[in-house]
Amino acid sequence: MTHKPNPLSSIKVNGPIPAHLARSIIEETLRAAILDGRLPCGIALRQQDLADLFGVSRMPVREALRQLEAQALLNVVAHKGAVVAPLVQGDAVETYALRILLESEALRLSIPLLENADLEQAARYIDELETEHDYTEIGRLNRLFHMSLYCKAPNKRLLRLVEDGLNEEERFLRFNLEAMGLGKLSQEDHRALLHSAENRDVAASVELLEHHLNRGVEAITRYLDSPEAQSKKAQR
Ligand code: NI
């Protein structure tokens, strides 16, 4: 057995944390470390270690872990505690099928209520995606582009579910985008989608979105079945 460095050593805590901010600071800090891979999939996080690291009691730690679990970044496993979740939870095809339902509905509700400022913002995200080469940024901009088209949907619970799905995808893209070869086609989809949203054409927009997300399912399935992804899995 090789000696593994403590993954928590990559996390920097700046000075004492005010009690009323503890939960959100712990949550944000751990989220960032999970998203950028400093806390890799399968690592167990012990409440007491985190409480010691942040210099707080276990209560805000527990609350922060619960939030991260709700965002599908952690799984609570019996006898192990909170474990950093795998990049795709369960079945990728089922996950995408649900996302298509939720995002189509959000788009349908949002389009009639979109303001010019929302559409202009969406166009800026597309432009930024055009010149961005950093995978972390690409994942983030993709999420922001999509949310800018859904943002006026009045059902806030629906929007939260949609955002959870996009966050999960963002995390997956961050590590696998290069291998998936999605880039260019995806931008064409984004432009077409924006164009039909500008025309307030709900039916065409929903159809384009479904097409775009189905392309995602195909890319992710192809990638997960590839020898590269299989060997990554075997290493865990
Ligand atoms: Ni997209």
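What you are looking at is a predicted structure, and each value in this text was computed from that prediction instead of being measured.

Rules used throughout
- Along each chain, the written sequence defines residue order, and numbers are assigned to residues from 1.
- Per-residue local features of the predicted model are confined to residues with pLDDT of at least 70, and side-chain atom pairs are confined, for both listing and counting, to 80 or more; whole-chain, interface and lining totals are unaffected and use all residues.
- Values reported for side chains reflect all heavy atoms of the structure, with hydrogen atoms and water molecules removed beforehand.
- The working definition used for a salt bridge is a side-chain nitrogen of Lys or Arg within 4 Å of a carboxyl oxygen of Asp or Glu.
- Strands here mean DSSP runs of E at least two residues long; helices mean DSSP runs of H or I at least four residues long; both are numbered from the N terminus.
- Exposed residues in this analysis have more than 50% of their type's maximum accessible area, buried residues have under 20%, and partly exposed residues fall in between, with area computed by a 1.4 Å probe over protein chains only.
- Only N, O and S atoms count as donors, using a 2.8 Å limit from the metal and a wider 3.2 Å limit for Na, K and Ca, and since water is excluded some coordination spheres may look unfilled.
- A four-donor site is called tetrahedral if each angle lies between 85 and 135 degrees; a four-donor site is square planar, and a six-donor site octahedral, when trans pairs exceed 155 degrees and the remaining angles lie between 65 and 115; all other cases are labelled irregular.
- Residue ranges assigned to the domains are those given by an automatic or database domain assignment.
- We define buried area as the total accessible area lost by two parts upon association, computed with a 1.4 Å probe and summed across both.
- Only the contacting stretch of a helix is used when fitting its axis, a line to C-alpha atoms as for every element, and angles between N-to-C directions run 0 to 180 degrees.
- Here the word oblique covers every angle except those under 35 degrees (roughly parallel), over 145 (roughly antiparallel) and from 65 to 115 (roughly perpendicular).
- Two helices that cross are described as forming a left-handed crossing if the nearer one is turned anticlockwise from the farther one by less than a right angle, and a right-handed crossing if clockwise.
- In what follows, residue pairs with any heavy atoms lying within 4.5 Å of each other are defined as contacts.
- When residues are sorted by character, Ala, Val, Leu, Ile, Met, Phe, Trp, Tyr, Cys and Pro go into the nonpolar class, Asp, Glu, Lys and Arg into the charged class, and all the rest, Gly among them, into the polar class.

Let's shift gears to the pattern of salt bridges. This model, assessed by the stated rule, comprises 14 salt bridges. A salt bridge links Asp-189 to Arg-215, with the shortest nitrogen-to-oxygen separation between them at 2.9 Å. In this pair, Asp-189 is assigned in helix 8 (residues 183-198) and Arg-215 in helix 9 (residues 202-225), connecting sequence segments 26 residues apart. The exposure class assigned to Asp-189 is buried, which follows from its relative accessible area of 8%. Members of the salt-bridge network, linked through shared partners, are Arg-23, Glu-27, Glu-28 and Arg-31.

A separate point is the coordination of the nickel ion. For the nickel ion, the protein coordination sphere consists of Asn-142 (OD1), His-146 (NE2), His-190 (NE2) and His-212 (NE2), at 2.1 to 2.2 Å. Relative to the metal, the four donor atoms surrounding the nickel ion lie at angles of 87 to 165°, and the coordination shape comes out irregular. If you list the donors of the nickel ion from N- to C-terminus, the spacing comes out as N-x3-H-x43-H-x21-H. Note that His-146 is positioned in helix 6 (residues 135-150) and His-190 in helix 8, a separation of 44 residues in sequence. Classification of His-146 by relative accessible area gives buried; the value is 2%.

On to the domain arrangement of the chain. Domain boundaries assigned for the chain yield domain 1 (7-84) and domain 2 (92-235). With centres defined by C-alpha atoms, the gap from domain 1 to domain 2 works out at 28 Å. Taking both sides of the interface into account, the surface hidden between domain 1 and domain 2 amounts to around 570 Å²; carbon and sulfur atoms contribute 53%. Its largest share of buried area at the contact with domain 2, domain 1 owes to Leu-35, Gln-71 and Ala-72, together 57% of the area lost on that side. Where domain 1 meets domain 2, there are zero salt bridges.

Between helix 4 (residues 92-110) and helix 9, the shortest axis-to-axis distance is 10 Å and the interhelical angle comes to 160°. The orientation of helix 4 relative to helix 9 falls into the category roughly antiparallel. For the pair helix 4 and helix 9, the crossing hand works out as right-handed. Residues Ala-92, Val-93, Tyr-96, Arg-99, Ile-100, Glu-103, Ser-104, Leu-107 and Arg-108 of helix 4 form the contact with helix 9, whose own contacting residues are Val-202, Ser-205, Val-206, Leu-209, Glu-210, Leu-213, Asn-214, Gly-216, Val-217, Ile-220, Thr-221 and Leu-224. Of the residues in the contact of helix 4 with helix 9, the class split is twelve nonpolar, five polar and four charged.

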